[in-house]
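So the chains spell out like this:
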Amino acid sequence: MTALLGFSQTAADTKIWFNHPALNWNEALPVGNGRIGAMIFGGIERERLQLNEQSIWSGNRNDFVNPAAAKSLAKIRALLFSGHYKEAERLAQQTMMGDKKIHSSYQMLGDLVLEFPKQNDVHSYRRDLDLGTAVASVSYGVKDIYYRREVFSSAPDEAIVCRLTASKPASISFDLSIARPGNFQNVLYTDSEIEIYHKVQPEGVTFAAKIKLVVEGGAVEKVGTVLRVNDANSVTVVITAATNYFGVDPNIVTRNQQSVAQSKTFDELKARHVSDYQTYFNACRFSLDVPSRSSYPTDARLLALKDGLSDEKLFELYFNFGRYLLISSSRAGGLPANLQGLWADGLNPPWDADYHININIQMNYWPAEVTNLSSLHEPFLNYLTALNTDGKKTAKSMYGLPGSVAHFTSDAWHFTETYGHPQWAMWPMGLAWSVRHFWEHYQYAGDEKFLREKAYPVMKDAATFCASWLVKDPESKKLVSGPSISPENTIKTKQGEVATMVMGPTMDHMIIRDLFSNVIAASLVLKADENFRKQLQGKLALLTPTAIGDDGRIMEWSKIFEEPEPGHRHISHLYGLHPANQITSKDTALMKAARATIDYRLAHGGGHTGWSKAWIINFFARLLDGNAAHQNLTSLLEKSTLPNLFDNHPPFQIDGNFGATAGIAEMLLQSHGDEIVLLPALPTAWPTGSINGVCARGGFELNVSWKDGKLDFVEVLTKLGKRATLRYGSTTYLLDATTPGQQLYLDGMLKPSHK
Ligand code: FUC
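All values reported here derive from a predicted model rather than from experimental measurement. (Residues numbered from 1 in each chain as written. Predicted model: local features only at pLDDT ≥ 70, side-chain atom pairs only at ≥ 80, totals over all residues. Heavy atoms only, no water.)

Participant: Would you mind going over the pattern of salt bridges with me for this structure?
Facilitator: Working definition: two side chains of opposite charge can pair if their charged atoms are close together. Within the structure shown, the criterion is met by 47 salt bridges. Salt-bridge contacts for Asp128 lead to Arg126; the nearest nitrogen and oxygen are separated by 3.0 Å. Owing to a relative accessible area of 9%, Asp128 belongs among the buried residues under this scheme. Taken together, the shared-partner salt bridges in this structure form one network comprising Glu193, Glu195, Lys210, Lys212 and Arg255. (Salt bridge = Lys/Arg side-chain N within 4 Å of Asp/Glu carboxyl O. Buried < 20%, exposed > 50% of the residue type's maximum accessible area, 1.4 Å probe, protein only.)

Participant: I keep staring at the sheet that holds strand β7 (residues 135-142) and nothing clicks. Help me out?
Facilitator: Note on sheets: strands pair through backbone hydrogen bonds, and any given pair is parallel or antiparallel. What the 9 strands build is an open sheet, ordered β1-β6-β7-β8-β9-β16-β13-β12-β11; its pairing is antiparallel. Single-partner strands in this sheet number two, and they are β1 (15-18) and β11 (186-189). Direction aside, the axes of adjacent strands within the sheet are offset by 10° on average. Examined bridge by bridge, strand β8 (residues 145-154) and strand β9 (residues 159-166) share 8 bridges and lie antiparallel to one another. If you follow Ser153 over to β9, its bridge partner there is Ile160. (Pairing = 2+ DSSP bridges. Helix = DSSP H or I, 4+ residues; strand = E, 2+ residues; numbered from the N terminus. Axes fitted to C-alpha atoms, helices over the stretch in contact; angles between N-to-C directions.)

Participant: Looking at this model, I keep getting lost on the site of the ligand. Mind explaining?
Facilitator: In the vicinity of the ligand, the residues found are Leu339, Trp351, His356, Asn358, Asn360, Glu488, Arg569, His570, Trp611, His649 and Gln653. Here an oxygen atom of the ligand sits 3.5 Å away from a polar atom, N or O, in the side chain of Asn358. At a separation of 2.6 Å, an oxygen atom of the ligand approaches a polar side-chain atom of His649. For the ligand, whose free accessible area comes to 290 Å², the fraction covered by protein is 98%. Taken together, the residues of the shell around the ligand sort by class into 3 nonpolar, 6 polar and 2 charged. (Near = heavy atom within 4 Å. Polar contact = N/O pair within 3.5 Å; in protein donor to acceptor, adjacent residues only side chain to side chain. Areas by Shrake-Rupley, 256 points an atom, 1.4 Å probe, with all protein chains shown as cover. Nonpolar A, V, L, I, M, F, W, Y, C, P; charged D, E, K, R; others polar.)

Participant: Can you help me understand the packing of aromatic side chains in this one?
Facilitator: When we look at a pair of aromatic rings, we describe it by the centre distance and by the angle of the planes. Following the criterion strictly, the structure yields 37 aromatic pairs and no others. For the ring pair Tyr399 and Trp469, a centre distance of 5.0 Å and an interplane angle of 65° mean the geometry is edge-to-face. Separated by 70 residues along the polypeptide, Tyr399 in helix α9 (residues 378-399) and Trp469 in helix α13 (residues 448-469) bring together distant segments of the chain. Through successive ring pairs, a cluster of aromatic residues spans Trp25, Tyr277, Phe281, Phe321, Tyr324, Trp343, Phe646 and Phe652. Just above the ring of Trp469 sits the side chain of Arg77; from NZ or CZ to the centre is 4.7 Å. (Phe/Tyr/Trp six-rings, centres within 6.5 Å; stacked < 30°, edge-to-face > 60°. Lys NZ or Arg CZ within 6 Å of the ring centre and 35° of its normal.)

Participant: It is not clear to me how the pairing of strand β24 (residues 669-672) should be interpreted in this structure. Could you clarify?
Facilitator: As paired strands, β24 and strand β25 (residues 675-678) are joined by 4 bridges and run antiparallel to one another. Opposite Gln670, over in β25, you have Val677 as the bridge partner. From the end of β24 to the start of β25, which pair antiparallel, there are 2 residues, and Gly673 there has a positive phi angle of about 55°.

Participant: What's the story with unusual backbone geometry in this structure? I'm lost.
Facilitator: In terms of backbone geometry, most residues other than glycine have negative phi values and most peptide bonds are trans. Pro202 follows Gln201 through a cis peptide bond whose omega is -10°. Tracing the backbone through its elements, the reader meets Pro202 in the loop between β12 (193-199) and β13 (206-216). His578 connects to Pro579 through a cis peptide bond whose omega is 10°. Position of Pro579 among the secondary structure elements: in the loop between α15 (530-542) and α16 (588-603). The backbone of Asp121 sits at a positive phi, close to 55°, despite the residue not being glycine. The residue Asp121 is located in the loop between β5 (110-115) and β6 (122-130) in this model. A positive phi angle is found at Ser124, which is not glycine, with a value near 55°.

Structure (structure tokens):
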């Protein structure tokens with residue numbers, strides 16, 4: 001949809017920039033095409049491009065279900081129902097946790113290093129990443145010569161391209177080499193090329209990479225283990241990389257990719273890359289009409305923010321960066337964005353940069369639909385389909401139950417068993433949570449074929465497991481989930497011991513309520529599975545309801561426990577507030593209790609990891625408190641953001657970037673049922689601005705602008721021709737467009753206009 005109104009962003013407003021080379025990884029700038037990526041350091045005498053390919057994984061798939069699990073399930077439940085928490089935990093440790101899991105980890109490809117001659121009198125240094133074009137640049141002067149490097153990772157041409165130019169001919173000389181911890185098994189240098197072939201040890205993928213130097217003027221030759229460039233006018237470095245993960249021969253793939261890329265000029269490659277990228281990036285724009293500090297380097301702006309200087313345009317940049325990161329790390333046909341998206345250094349990144357499904361990977365995809373990147377959701381949805389195949393085996397072999405289950409984490413090999421300590425591992429809700437993404441995708445895109453063929457079968461398998469997993473609590477006579485945990489949180493038993501497992505953590509019930517409701521809704525759309533629908537309706541009626549404790553907070557467990565960590569980073573019992581919509585303004589008591597829950601967590605030091613803070617922004621948006629959301633957004637940038645704007649858990653973890661991007665959208669537009677709410681949580685710090693191309697459930701795309709804190713203009717495109725109500729404050733407007741592709745324009749919601 002073409003934006004009719006909206007405050008323009010200047011080119012400077014979409015740049016992350018520094019006036020010095022990266023001192024460390026957290027200052028380097030990421031580029032990626034969803035599959036191959038680089039962190040660019042921008043050194044003057046030593047440029048480092050740290051390279052990644054998304055399927056470079058060690059490990060492999062092996063079955064590691066604990067054979068004693070199914071037999072001990074009833075015993076563990078009985079112990080928990082009778083209050084023997086520690087005993088149950090010990091038994092779960094022995095009988096439920098799988099062992100002999102092959103260790104697996106996402107790994108870097110290697111470091112491409114360009115070493116330049118010693119430079120004196122360097123001036124005018126600048127290094128930036130333009131989020132408007134997805135091109136990173138480094139430029140500086142040495143005496144009267146100006147040097148420039150441009151780097152991008154092209155999706156249409158499947159290559160990372162780095163171009164070096166200088167203002168005077170014959171000025172570019174450097175040595176190029178590539179390294180990896182532990183070295184590559186096979187490296188072949190020819191006069192302008194490096195070819196790599198490496199098998200990740202002891203288990204894992206085999207990958208190939210090929211680096212080609214195209215030199216204009218001067219010369220390039222192989223000198224030992226470097227390619228030496230002398231006195232060139234310009235140089236183009238083309239990098240291709242692939243693995244056998246998807247069943248292809250990576251040597252053949254990288255060679256083909258090279259010949260395709262080399263058949264084009266640099267300008268052609270760049271134009272094709274920018275145009276591909278902009279089809280995604282330009283689809284949604286958030287813009288605030290406030291003074292811009294873009295003439296200051298980004299790291300200086302972050303420091304100034306910490307010192308209390310307001311910089312609202314920095315949030316706009318953060319939003320753009322979040323979308324940039326999803327476009328760069330999640331493309332159709334590939335793996336989903338992992339804990340670090342695509343960018344990870346070394347062979348053992350934190351948490352193996354895996355796929356944690358007890359919030360993290362879901363959070364990565366929160367912005368996908370609402371910020372108009374629906375097609376980028378696909379890698380995660382495909383991943384869930386693979387996880388479901390594995391999860392059916394695990395449900396049967398681990399619990400003797402039908403349906404499909406996954407626990408707290410998984411990897412590129414899609415394991416669904418559990419391992420480690422019950423505190424994080426005894427949680428069979430990973431798939432049940434994740435499949436809400438299928439339903440979300442359907443709600444925005446409205447594709448019934450997708451719902452029938454891809455989404456519903458997986459949603460149904462997850463629901464089938466949950467339906468047979470629930471048991472009756474002997475005291476309350478309600479259905480409860482267990483043995484389970486409230487993710488990673490602990491309780492204190494009456495005996496004063498710290499334990500983790502219970503029967504009936506609130507989050508499980510919220511997830512199951514959400515799942516059953518979505519499966520019921522999907523089966524109605526598809527006019528399928530009436531009996532199963534009735535079964536789920538019956539279970540829903542008996543499911544333990546969300547309760548409010550004596551202290552006014554939402555109860556995290558079915559019983560009141562003393563909490564060893566009252567500021568715990570997971571605020572799992574607010575799943576019903578966000579991402580689900582069980583706690584809404586229709587129920588003021590629950591809304592009040594949800595707020596008390598967050599306030600209590602925050603008062604005890606909660607929200608201290610990046611992703612936790614990002615979740616809180618979404619919570620406050622749903623509580624319709626724009627200023628509290630804004631305060632937490634500010635705090636995310638002050639306390640949990642690295643100089644290159646990557647989210648800091650610590651260490652770097654990308655979920656917070658995505659979670660906060662979704663949170664900003666959630667402050668400006670919310671949609672549930674067939675109601676779209678405009679500016680539900682607009683903070684006073686953003687009096688005038690616009691968001692264009694923001695999406696709503698039901699297949700709507702909106703351009704919204706506001707002025708002096710009030711809605712000014714709305715433009716709505718209905719892609720599916722569905723009816724909905726638009727609401728701003730207490731004013732509602734019936735969108736009666738019934739033809740797909742119809743557009744409506746409304747001035748301040750007062751009257752439809754005909755622009
Ligand atoms: C979850 C969190 C941790 C971390 C890890 C990758 O388990 O509890 O804080 O983010 O995932």
